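These are the residues of each chain, in order.
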Amino acid sequence: MKALKFDGLVVSDRDIIDLLESQKYRISKDKILNFLQERGIFCSDHESRHSLHELIASLNIDWFLIEDLLSLAASTDEQQKVTATNFSVNEPGAIEKTLENLKKELAHKDFVVDKLKNGSFEIQYKTEKLERNNARLIQRTSKDEKIAINVDGDNISMVSSVGEGTEPVIAKFFDELGRNCKSDIENLNIDFSSIVDSKIINDFFLALIKIDLCTRQK
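Position numbers for residues count from 1 along each chain, tracking the sequence in the order it is written. Where totals are concerned, whole chains, interfaces and linings use all residues; where local detail is concerned, this predicted model gives features only for residues with pLDDT of at least 70, and gives and counts side-chain atom pairs only at 80 or more. Side-chain measures here rest on the full set of heavy atoms in the structure, leaving out hydrogens and waters.

Chemist: When you look at the environment of Asn60 in this model, what are you seeing that I'm missing?
Modeler: Within the element layout of this structure, Asn60 appears in the loop between helix 3 (49-57) and helix 4 (63-73). Whether a residue is buried, partly exposed or exposed follows from its accessible area with a 1.4 Å probe, protein chains only, as a fraction of its type maximum: under 20%, in between, or over 50%, in that order. A relative accessible area of 65% places Asn60 in the exposed class. Residues Asn60 and Asp13, spaced 47 residues apart in sequence, show a C-alpha to C-alpha distance of 9.6 Å. Helix and strand definitions here come from DSSP, where helices need a minimum of 4 consecutive H or I residues and strands a minimum of 2 consecutive E residues; each element is numbered from the N-terminal end.

Chemist: Help me out: how do you make sense of the nonpolar core in this one?
Modeler: What tends to happen in soluble globular proteins is that the nonpolar side chains get buried as a cluster. Formed by 22 residues in total, the largest nonpolar core has its most connected members in Phe87, Ile95, Ile123, Ile149, Phe173 and Leu177. When residues of this core are traced back to their parent elements, those giving at least two are helix 5 (94-105), strand 4 (121-130), strand 5 (140-152), strand 6 (155-161) and helix 6 (166-181). At 6 residues, the largest contribution of residues to this core is made by helix 6. Here Ile95 is in contact with Phe87, Val89, Phe121, Ile149, Val151, Ile156 and Leu177, once residues within four sequence places are set aside. Within this scheme, the nonpolar core is defined by two criteria: the residues are buried Ala, Val, Leu, Ile, Met, Phe, Trp, Tyr or Cys, and they are joined through side-chain atoms within 4.5 Å. Core analysis: the second largest hydrophobic core is formed by 18 residues, Val11, Ile17, Ile27 and Leu33 among them. Any two residues having at least one pair of non-hydrogen atoms within 4.5 Å are treated as being in contact.

Chemist: What's the story with empty space enclosed by the protein in this structure? I'm lost.
Modeler: If a probe as big as a water molecule is rolled over the atoms, it shows which places are left empty. Grid points spaced at 1 Å and placed over the protein atoms alone form the basis of the search, with a cavity being a set where a 1.4 Å probe fits but cannot get out and a pocket an open set showing protein on both sides within 12 Å along at least five of seven lines. Lining residues have an atom within 4 Å of a point. Grid points are joined across faces, edges and corners, and a volume is the space filled by probe spheres set on the points. For the coordinates displayed, the defined rule picks out 1 cavity of 30 Å³ or more. Considered as a void within the structure, the largest cavity measures approximately 40 Å³ in volume. Around the largest cavity sit Leu99, Leu102, Phe111, Ile123, Ile147, Ile149, Met158, Val169 and Phe173, which together line it. Of all the secondary structure elements, the ones that give two or more residues to the lining of the largest cavity are helix 5, strand 5 and helix 6. In the lining of the largest cavity, the residues fall into 9 nonpolar, no polar and no charged. Residue classes follow a fixed rule: Ala, Val, Leu, Ile, Met, Phe, Trp, Tyr, Cys and Pro count as nonpolar, while Asp, Glu, Lys and Arg count as charged, and any other residue, Gly among them, counts as polar.

Just distances and angles here, no functional claims.
Structure follows, in structure tokens:
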């Protein structure tokens, strides 16, 4: 999930208008009208977007208004791109030790590790990015990232989201894992970042599961 943040203590009506104008492709006119209706303000469908933006900017600007506008501007429709990596580990406990070390090193990213009953792991953390081309109120973005590590004996598969903030985390993971295993980790990377159709990715993993089941049954 992507969230929008801002660092300023003073927000002007100009900041509000800049935010709404810059997010026209994410915030539909219907959303603007609903936003106003929730505050007891009913406007005609024929009102121009600019006049609606000016109306919102004329409201009492407090933290609650800003928070609602940031939530309105945060996109929930973006396709999350993922990548998969397969590798082997012959050192018992190396992955768990690696993740424990990363929890300390990446505590500032709210790095959380859940160990599942089957010995696999689910990791969540946050990445932040400063986009200076955006309107002032939405220059800083925060995004939740996830990593799933499936453990099957010595064979490990990792599925992670793709983004500028994830690459350093994955690199740290493999560097630390290599130190704990006292050897270089060779991994096969399966990159889905150029695929926008999630069905293709799902079909790939379903086929992979079927192949694995057939191999086990032989």
